[in-house]
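Listed below are the residues making up each chain.
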Amino acid sequence: MNDIRQKLPFMTKVAFGVGSMGEIVFLGMFNTFISIYYNQAIGLSNSLIGTAIMLAILGDAISDPVIGMISDKWRSRWGRRHPFLFAAPIPLAISLFLIFNPPAQLTGGTTGEPDQIWLFVWLASWTILARFFLTLYSIPHYALGGEITKDSNDRSKLFSINAVFGYASGALFAFTAWGFFLAGESELADGTLVPKHLDASAYGPVVMTACSIILIAIFLSAMGTKHRIPHLSKPAEGQERLSLSSFYKELLGALKNPNYAFIMVGYFLLMISVGMNETLQVFVYTYFWELQTEQIKWFGLATVPAIVLGAVLSPILMKRFDRKRVVIGGLLTLIIFVQLPIDLRLLGLMPPNGSDMLMPILLVCVMCAAVGFSIGLVAILSILGDISDQNELVTGLRQEGLIYSARAFFAKASNSAGHFIAGVSLDLFIVLPFEAVPGEVDSDIVWRLGVMAGPIMAFAALVSLLFYARYRLTRAEHNRILDELSERRTPEDAIAKSVV
């Protein structure tokens, strides 16, 4: 009988994990700075910023599952996934550069008013393209992780290393961006001194650094995993060609798996909260806590050991407990600590701004939230690999591209919805004025910012746990699935897959 639970070499896992750096640095640059850059530094309405990001999901609704299905069926000497890994990084880096470099005639230069409509068109167009090129890379990359190893513990370790490289590098990048590129103050045209991240001209070096990391990380990952191509799954002979009907047939077929459906709905609700948090976080740091850039930088650095700890703990916990418990425990930790200090401030239980106790409390909460996030993310990605095995047993097809693409679509759709909700709330509920000066914003505005970034943001995330609790694929059931898949392998398959 062919044993499909073969372990990956450690350096292959490292090469796979390096690729996540490109995705996370892109998302960190985009999600952290896009709202503060376009709203406070350039002057575009937050509602239009949120709408531009929301429009990108219309492209994602097509590109995510289509790229996933195309990569599932792709035939080439480079296999199913690697052609996309090599094609994506250059246009992705170019798109990010152009997002943060709109033409001067649209921004109004140094004294004029920005052209709201055409600036919105510029942002929306390049955001849609950037997310498409991110899909072109991220879907095949995660699909590769789902098929490159089928051993349950080895898969957990693979995504653990992926999380360490991705989110630790993202945290270090955030530390560098806040502590070096955007540290200090800038003098605007009218002589006003503002934190440097409120000055559009300060973003050039940090954007170029992000683009360089994207290019190097993705290409290194593609080259470092290229030697595994002969051992990866190949498209089944005689598969139906991709068409509109087959597209929806396969997508709906995957969602008929109740385990997959519950995970996707839970992920959708969770990512609404994540999108809101990503949009509001920099405003919370700047106006709610009134932190300086040299203080903000420490949040990125503090999350590095927390992310590593969570990523290391996740496989250990999954070896002892079923994945569902690990997901719920990790995400509950995230939900509690990401909004706890805001809730305590709203209740009058936090030290005042400027207090020596404020930063330590905020750092501890950020680190605890990062540990929970890392534990939960590694478990969710491992679960999707298990569902791919279950799907193969039922359909006879390896459809990691489809499985991970639907996850990516649900994530980006709800994440964009979160950005949209947060952007509209900044204009209509919070009513934050353009060029607001930290420490001089009306207390009612600051209070509304806290309500939106605290209890309201956490609500959808808490509801998501109800759907994660419905997941039923246990470790014992997954082992039974792997045994049946092993028995299905032909002798020729066994020989081919035994060569490492």
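Being a predicted model, the structure only gives us computed values, none of them experimental.

(A) Highlighting the overall build of the protein chain. Counting its secondary structure elements, the protein chain contains 17 helices and 2 strands. For 500 residues, the compact-globule formula gives about 23 Å, and the C-alpha radius of gyration of the protein chain, at 23 Å, lands near that figure. Its C-alpha atoms put the protein chain at 75 × 45 × 40 Å along the principal axes. Split into buried and exposed, the 500 residues of the protein chain put 57% on the buried side. Intrachain contacts of the protein chain at a sequence separation of at least 6 include 84% that bridge at least 24 residues.

(B) Geometry of the packing of helix α1 (residues 10-42) against helix α7 (residues 152-181). The contact between α1 and α7 brings their axes to 7 Å, and the two run at 40°. Classified by the angle between their axes, α1 and α7 sit oblique to one another. Both α1 and α7 take part in a crossing whose hand is right-handed.

(C) Focus on the packing of helix α10 (residues 258-288) against helix α12 (residues 323-346). Contact geometry of α10 with α12 gives a least axis separation of 13 Å together with a crossing angle of 35°. Considering how the two elements wind past one another, α10 and α12 form a crossing that is left-handed. Contacts from Leu270, Asn277, Val284 and Phe288 in α10 reach Leu331, Val338, Ile342, Arg345 and Leu346 in α12. Considering only residue class, the contact of α10 with α12 consists of 7 nonpolar, 1 polar and 1 charged.

(D) Spatial organisation of unusual backbone geometry. The phi dihedral of Glu290 falls on the positive side, at around 55°, and the residue is not glycine. Within the secondary structure layout, Glu290 lies in the loop between α10 and α11 (293-320). On the accessibility criterion, Glu290 (35% relative accessible area) is partly exposed.

(E) Focus on the nonpolar core. Counting 141 residues, the largest nonpolar core has Met29, Tyr38, Phe100, Tyr203 and Trp289 as its most contacted members. Excluding anything up to four places from it in sequence, Phe100 contacts Met29, Phe33, Ile34, Tyr37, Tyr203 and Val207.

(F) Structural view of the environment of Leu55. In this structure, Leu55 sits in helix α2 (residues 46-73). For the pair Leu55 and Ile229, spaced 174 residues apart in sequence, the C-alpha separation works out to 36 Å. Not counting chain neighbours up to four residues away, the residues in contact with Leu55 comprise Phe120, Ala124 and Ile128.

(G) Expanded view of the pattern of salt bridges. All told, the structure shown has 10 salt bridges when counted by the stated rule. Note that Arg155 is salt-bridged to Asp389, the shortest N-O span being 2.9 Å. Linking Arg155 in helix α7 with Asp389 in helix α13 (residues 358-395), this pair joins segments that are 234 residues apart in sequence. Given a relative accessible area of 0%, Arg155 falls into the buried group. A salt bridge links Arg480 to Glu484; its shortest N-O distance comes to 2.2 Å.

(H) Seen up close, helix α8 (residues 204-225). Between the first and last C-alpha of α8 there are 32 Å, a value that for 22 residues agrees with the 32 Å anticipated at 1.5 Å per step. Regarding α8, the residues found buried are Val206, Val207, Ala210, Cys211, Ile214, Ala217, Ile218, Ser221, Ala222 and Thr225. Relative to the axis of α8, the buried residues are bounded by an arc of 140° and lie together on one face. Exposed side chains of α8 directed beyond 90 degrees from the buried face belong to Ile216, Leu220 and Met223. For α8, the elements touching its buried residues are α1, α3 (82-87), α4 (89-99), α6 (116-148) and α7.

(I) Up close: the packing of aromatic side chains. Under the counting rule described, the total for this entry stands at 18 aromatic pairs. An angle of 65° between the planes, with centres 5.4 Å apart, marks the rings of Phe132 and Phe133 as edge-to-face. A relative accessible area of 17% means that Phe133 is categorised as buried. Centroid distance Phe283 to Tyr287: 6.4 Å. Interplanar angle 25°. Geometry classified as stacked. Of this pair, Phe283 and Tyr287 both sit in helix α10, 4 residues apart, which is roughly one turn of the helix. Neither residue differs from the other here; Phe283 and Tyr287 are each classed as buried.

(J) Layout of the environment of Tyr38. Locating Tyr38 in the fold gives a position in helix α1. The spatial distance from the C-alpha of Tyr38 to the C-alpha of Gly184 is 20 Å, given a sequence separation of 146 residues. Among the polar contacts made by the side chain of Tyr38, one reaches the main-chain carbonyl oxygen of Ile99 at a distance of 2.5 Å.

(K) Spotlight on the side chain of Gln390. Among the secondary structure elements, Gln390 is positioned in helix α13. There is a polar contact of 2.7 Å between the side chain of Gln390 and the side chain of Asn257. The contact partners of Gln390, leaving out residues within four places of it in the chain, are Asn257, Asn259, Leu473 and Ile481.

(L) View of a nonpolar patch on the surface. Together, Leu55, Leu58 and Ile128 make up an exposed nonpolar region whose accessible area comes to about 240 Å². Within the secondary structure, Leu58 sits in helix α2. We classify Leu58 as exposed; its relative accessible area is 57%.

(M) Representation of the confidence of the model for the protein chain. Chain-level pLDDT for the protein chain is 85 on average; 91% of the residues reach the 70-or-more range. In the model, residues 491-500 has pLDDT below 50 throughout and makes 14 contacts with residues more than four positions away in sequence or in other chains.

(N) Region of interest: the state of the cysteines. As enumerated under the stated definition, the model contains 0 disulfides in all. With no disulfide of its own, Cys365 has Cys368 as its nearest cysteine by sulfur position, at a separation of 6.6 Å. For Cys365, a relative accessible area of 8% gives the class buried.

(O) Fine view of the environment of Ile403. You can see Ile403 is positioned in helix α14 (residues 400-428). In this structure, Ile403 is in contact with Ala254, Tyr260, Leu384, Ile387 and Ser388, ignoring residues within four places of it in sequence.

Rules used in this analysis
- Residues numbered from 1 in each chain as written.
- Predicted model: local features only at pLDDT ≥ 70, side-chain atom pairs only at ≥ 80, totals over all residues.
- Heavy atoms only, no water.
- Helix = DSSP H or I, 4+ residues; strand = E, 2+ residues; numbered from the N terminus.
- Rg over C-alpha atoms; globule rule 2.2 N^0.38 Å.
- Buried < 20%, exposed > 50% of the residue type's maximum accessible area, 1.4 Å probe, protein only.
- Contact = heavy atoms within 4.5 Å.
- Axes fitted to C-alpha atoms, helices over the stretch in contact; angles between N-to-C directions.
- Parallel < 35°, antiparallel > 145°, perpendicular 65-115°, else oblique.
- Left-handed = near helix turned anticlockwise from the far one by under 90°.
- Nonpolar A, V, L, I, M, F, W, Y, C, P; charged D, E, K, R; others polar.
- Core = buried A, V, L, I, M, F, W, Y, C linked by side-chain atoms within 4.5 Å.
- Salt bridge = Lys/Arg side-chain N within 4 Å of Asp/Glu carboxyl O.
- Expected span 1.5 Å × (residues − 1).
- Arc of directions from axis to C-beta.
- Phe/Tyr/Trp six-rings, centres within 6.5 Å; stacked < 30°, edge-to-face > 60°.
- Polar contact = N/O pair within 3.5 Å; in protein donor to acceptor, adjacent residues only side chain to side chain.
- Patch = residues over 30% accessible without salt bridge, like charges linked within 9 Å, V, L, I, M, F, W, Y side chains within 5 Å.
- Areas by Shrake-Rupley, 256 points an atom, 1.4 Å probe, with all protein chains shown as cover.
- pLDDT = per-residue confidence, 0-100.
- Disulfide = S-S within 2.5 Å.

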